[in-house]
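# Coordinate inspection notes
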Amino acid sequence: SSGINAEYGEQYVAINGSPGFWLRAMTGIGCRPNEHLFFMKPSTKEFTELAAIMDGEGGKEPLKPIIQDELPFNETSLKEGFDKLKSRRAVGKIVFNMDM
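This report concerns the structure included in the present document.

Basis of the calculations
Residues numbered from 1 in each chain as written. Predicted model: local features only at pLDDT ≥ 70, side-chain atom pairs only at ≥ 80, totals over all residues. Heavy atoms only, no water. Phe/Tyr/Trp six-rings, centres within 6.5 Å; stacked < 30°, edge-to-face > 60°. Helix = DSSP H or I, 4+ residues; strand = E, 2+ residues; numbered from the N terminus. Buried < 20%, exposed > 50% of the residue type's maximum accessible area, 1.4 Å probe, protein only. Expected span 1.5 Å × (residues − 1). Polar contact = N/O pair within 3.5 Å; in protein donor to acceptor, adjacent residues only side chain to side chain. Salt bridge = Lys/Arg side-chain N within 4 Å of Asp/Glu carboxyl O.

## Focus on the packing of aromatic side chains
Considering all chains together, one arrives at 1 aromatic pair under this definition. On the numbers, 6.0 Å between centres and 20° between planes, the contact of F82 with F96 is stacked. Of the two residues, F82 is situated in helix α3 (residues 75–87) and F96 in strand β4 (residues 93–97); the sequence distance between them amounts to 14 residues. The class of F82 is partly exposed, set by a relative accessible area of 43%. In this structure F96 comes out as partly exposed when scored by relative accessible area, which is 23%.

See below:
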């Protein structure tokens, strides 16, 4: 079980975090109370549990990803989106919308 509960407000969940985040999560040093590292093996059971957490099963609120930006899927926007990722200043996901 991941220990993630919507009662606690905004939560940061890393499914595959950076080495520094792994170190903080494993030692507890410098890890915030709303940060969680989700350990999983590539198995149906683990992906089913992750999907249940995302969908809010068990009477809990579904998790909602933070979206930094939604951009049209074109060359200019792809460059802009990847520049934001490389800057490491993006807070949330950058979504490329194929229908825009």
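After that view of the structure, there is still more to cover.
## Points about α3
Counted at 1.5 Å a residue, the expected span for α3 with its 13 residues is 18 Å, and the 18 Å between its end C-alpha atoms agrees. The opening residue of α3, the one whose side-chain oxygen lies 3.2 Å from the backbone nitrogen of T76, is N74. Of the residues one or two after α3, R88 is the one with positive phi, at around 60°.

## With respect to the pattern of salt bridges
Two side chains that carry opposite charge are able to pair once their charged atoms sit near each other. One pass over the full model with this rule turns up 3 salt bridges. We note a salt bridge from K84 to D69, for which the minimum N-O separation is 2.1 Å. Placement of K84 in helix α3 and of D69 in strand β3 (residues 67–72) is noted, with a sequence separation of 15 residues between them. Overall, the relative accessible area of 22% leaves K84 in the partly exposed class. Here E80 and K84 are joined by a salt bridge, their closest N and O atoms 3.6 Å apart. Note that E80 and K84 are positioned in helix α3 at a spacing of 4 residues, about one turn of the helix.

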